[in-house]
Amino acid sequence: MKNTVRIKNMGLRGVPVADTKISFIDGLKGILIYRGYRIEELAEKSSFVETAYLLLNGTLPRTKELEQFNAELVASRKLPDFILKSFRNWPKNAAPMDVLQASLPLLAMADPELMDETRDANVRKAIRIIARMPAILAGWHRIRNGLDPLPPDHALSHTANFLWQLHGRKPDVHMAKDLDVCMILHAEHTFNASTFACREVVSTRAHMYAGVSAGIGALSGSLHGGANAKVMEMLFQIEKEISSEDDIAKWVKQKMDRGEKMMGMGHAVYKTFDPRSIILKEICRRLAVETGHMKWYRWLSRIEEECHREFERKGKSWIKSNVDFYAGLLYAMMDIPVDLMTPMFALSIVTGWCSHVIEEKFAEAQEKPVLYRPEADYVGDYCGAMGCEYKSVDQRG
Ligand SMILES: CC(=O)SCCNC(=O)CCNC(=O)[C@H](O)C(C)(C)COP(=O)(O)OP(=O)(O)OC[C@H]1O[C@@H](n2cnc3c(N)ncnc32)[C@H](O)[C@@H]1OP(=O)(O)O
Ligand SMILES: O=C([O-])CC(=O)C(=O)O
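Residues numbered from 1 in each chain as written. Chains lettered and ligands numbered in written order. Predicted model: local features only at pLDDT ≥ 70, side-chain atom pairs only at ≥ 80, totals over all residues. Heavy atoms only, no water.

An unreviewed UniProt entry annotates the protein as Citrate synthase of Desulforhabdus amnigena. Regarding the protein, the relevant UniProt record gives this comment under Catalytic activity (unreviewed entry): "oxaloacetate + acetyl-CoA + H2O = citrate + CoA + H(+)". The record held by UniProt for the protein lists under Pathway (unreviewed entry) the comment "Carbohydrate metabolism; tricarboxylic acid cycle; isocitrate from oxaloacetate: step 1/2." (UniProt positions renumbered as here; feature names shortened; annotations may be inferred.)

Written as structure tokens, this is what we have:
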């Protein structure tokens, strides 16, 4: 009899695999905390850069620490020349999420401290990665559209500079602030699929870039970060298929009756509201009023309500919007194209990933497994201790 706990087919739900000091979720109460601070308070009072410091270092920075951290991020924004040069030869229809993922080994090649596995060197690597991923995304977007990448503007904040490098115009300060809040909300989420992927990779003592690259791959799927773009695609599909707004209820019911997933709805941990979605919904409503996109906001709210109603009708306990539901529309109102929406998530959560990589590499041994190595039950062919009889291809016919 094997000495293992049977958790098969449960996607590891509710199974702690490590200790963490980085964030905490109470899924029944709708609470999310980064390093002890409630997400609502950080969204209201902090900045993405300050939150990044908090996640990476464990405490809120003093004035001088914040200034220095910001200066290091600003100084790291410029990409190594060979990366943008090589982008010019890449297929212009490449998915931006693939480009982002493929860029991580390129950034690794250019990192002079790549093989330095001290904690301080890993913090510096994290700063370079956080600073450069926005430049990768903006640079790629411009190159694929036949435009030249723009140099960073050191006078702009991390978030405003990204919008500048993407669009080539100085962003409205209020819009940059809204995006900054959005980035705080997406910066960290305990052991979600992508963070676990990062930690699993670096538990082998692979470097930070390898871990982050795995995280990007995991985030891209539509059950995880990919859902934000799918929500927008769903809106466009609904627009094609209904003749009046009142048909939304029927559209949602039919989709759910077919057993299809509603993108941006539901969550593996929150069994009540997702606190990030509440904040994003409010920003979305305000921006929709300001930019004349109320129709889309109304439609999303209606879809959310109908989805909830359908769940109740079927006797299931709950379903609410997750962080991806309103984020897509929010990005769209900032002129961010649909295929850049999931990469936008990556630009934020890379902060959490890097913090977890550091925790994975440097936590006390008793707080984490040395190397993640779960088991699987073999359910394939088995012909006894000698194995199945091997026949040559001629004998197999
Ligand atoms: C950043 C993020 O990663 S947030 C999540 C982003 N992903 C999405 O928005 C995709 C849509 N959502 C989903 O697929 C799911 O809600 C997940 C994957 C996020 C979580 O899934 P689970 O942990 O399996 O959810 P849970 O166990 O609570 O599901 C309970 C029931 O609700 C159903 N359900 C959950 N979410 C949805 C949904 N979005 N649409 C329709 N039904 C759903 C499940 O199929 C399940 O039904 P069953 O009891 O008949 O089998
Ligand atoms: O925690 C999860 O499983 C998914 C999620 O909301 C996130 O990654 O932000």
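With respect to the overall build of the protein
Across its full length, the protein carries 17 helices and three strands. Over its C-alpha trace the protein gives a radius of gyration of 23 Å, about what one expects of a compact globule, namely 21 Å for 397 residues. Taken over the C-alpha atoms alone, the protein extends approximately 70 × 60 × 50 Å along its principal axes. Counting every position in the protein, which comprises 397 residues, the buried fraction comes to 51%. Accessible area of the protein: about 19600 Å², with a carbon and sulfur share of 54%. Of the charged side chains in the protein, 53 are positive and 51 negative, and the gap between their average positions amounts to 2 Å. (Helix = DSSP H or I, 4+ residues; strand = E, 2+ residues; numbered from the N terminus. Rg over C-alpha atoms; globule rule 2.2 N^0.38 Å. Buried < 20%, exposed > 50% of the residue type's maximum accessible area, 1.4 Å probe, protein only. Areas by Shrake-Rupley, 256 points an atom, 1.4 Å probe, with all protein chains shown as cover. Lys, Arg positive; Asp, Glu negative; His and termini not counted. Charge placed at Lys NZ, Arg CZ, Asp CG, Glu CD.)

Brief notes about the packing of aromatic side chains
How two aromatic rings sit relative to each other is given by the distance of their centres and the angle of their planes. Inspection of every chain in the model, using the stated rule, returns ten aromatic pairs. Arranged with centres 5.6 Å apart and planes meeting at 85°, the rings of F87 and W140 form a pair that is edge-to-face. Of this pair, F87 sits in helix α4 (residues 81-87) while W140 sits in helix α6 (residues 119-144); the two residues are 53 residues apart in sequence, bridging distant segments of the chain. Between W90 and W140, the ring centres sit 6.4 Å apart and the planes meet at 50°, which makes this aromatic pair tilted. Taken as a pair, W90 in the loop between α4 and α5 (96-109) and W140 in helix α6 lie far apart in primary sequence, 50 residues in all. Among the aromatic residues, those joined into a cluster by ring pairs are F87, W90 and W140. Here K295 stacks its cationic end above the ring of W296, 4.5 Å away from the centre of that ring. The aromatic ring of W299 is capped on one face by K295, whose charged end is 4.7 Å from the ring centroid. (Phe/Tyr/Trp six-rings, centres within 6.5 Å; stacked < 30°, edge-to-face > 60°. Lys NZ or Arg CZ within 6 Å of the ring centre and 35° of its normal.)

A closer look at the pairing of strand β2 (residues 31-34)
Here β2 shows a buried face lined by I31 and I33 and a second buried face lined by L32 and Y34. Sheet topology note: the strand β1 (residues 23-26)/β2 ladder contains four bridges and is antiparallel. Note on β2: the bridge partner recorded for D26 is I31. As consecutive antiparallel partners, β1 and β2 are separated by four residues, and within that stretch G30 has a phi angle of approximately 75°, a positive value. The pairing of β2 with strand β3 (residues 37-38) spans two bridges and is antiparallel. (Pairing = 2+ DSSP bridges.)

Re the side chain of E113
For E113, the location among the structural elements is in the loop between α5 and α6. Note on E113: relative accessible area 18%, which makes it buried. Here R124 takes part through its side chain, which lies 2.6 Å from a polar atom of the side chain of E113. When sequence neighbours within four positions are dropped, the list of residues in contact with E113 reads A121, R124, K125 and R128. (Polar contact = N/O pair within 3.5 Å; in protein donor to acceptor, adjacent residues only side chain to side chain. Contact = heavy atoms within 4.5 Å.)

Looking at the site of ligand 2
In the vicinity of ligand 2, the contacting residues are H189, N192, H224, H267, R276 and F345. Measuring from an oxygen atom of ligand 2, one finds a side-chain N or O atom of H267 at 2.6 Å. R276 places a polar side-chain atom, nitrogen or oxygen, 2.6 Å from an oxygen atom of ligand 2. Across the shell around ligand 2, the residue classes break down as one nonpolar, four polar and one charged. (Near = heavy atom within 4 Å. Nonpolar A, V, L, I, M, F, W, Y, C, P; charged D, E, K, R; others polar.)

Let's talk about the nonpolar core
Ranked by internal contacts, the top residues of the largest apolar core, which has 115 residues, are M133, V212 and I303. Shared between two domains, this core takes at least three residues from each, and those domains are domain 1 (23-223 + 339-362) and domain 2 (227-333). (Core = buried A, V, L, I, M, F, W, Y, C linked by side-chain atoms within 4.5 Å. Domains from an automatic or database assignment.)

Considerations on the side chain of S103
Within the fold, S103 resides in helix α5. With residues up to four places along the chain from it excluded, the contact list for S103 reads F87 and I136.

A look at the site of ligand 1
Residues in close proximity to ligand 1 total 23 residues, the closest being H224, M262, G264, M265 and K271. Contact distances for ligand 1 include 2.7 Å between a nitrogen atom and a backbone N or O atom of M265. Looking at which domains feed residues into the shell around ligand 1, each of domain 1 (23-223 + 339-362) and domain 2 (227-333) gives three or more.

Comments concerning the packing of helix α8 (residues 173-185) against helix α13 (residues 275-291)
Running from amino to carboxyl end, α8 crosses α13 at an angle of 160°, the nearest separation of the two axes being 10 Å. Between α8 and α13, the angle falls in the class roughly antiparallel. The hand of the α8/α13 crossing is left-handed. From α8, M175, D178, V181, C182 and L185 reach across to α13, where they touch R276, I279, L280, I283, R286, L287 and T291. (Axes fitted to C-alpha atoms, helices over the stretch in contact; angles between N-to-C directions. Parallel < 35°, antiparallel > 145°, perpendicular 65-115°, else oblique. Left-handed = near helix turned anticlockwise from the far one by under 90°.)

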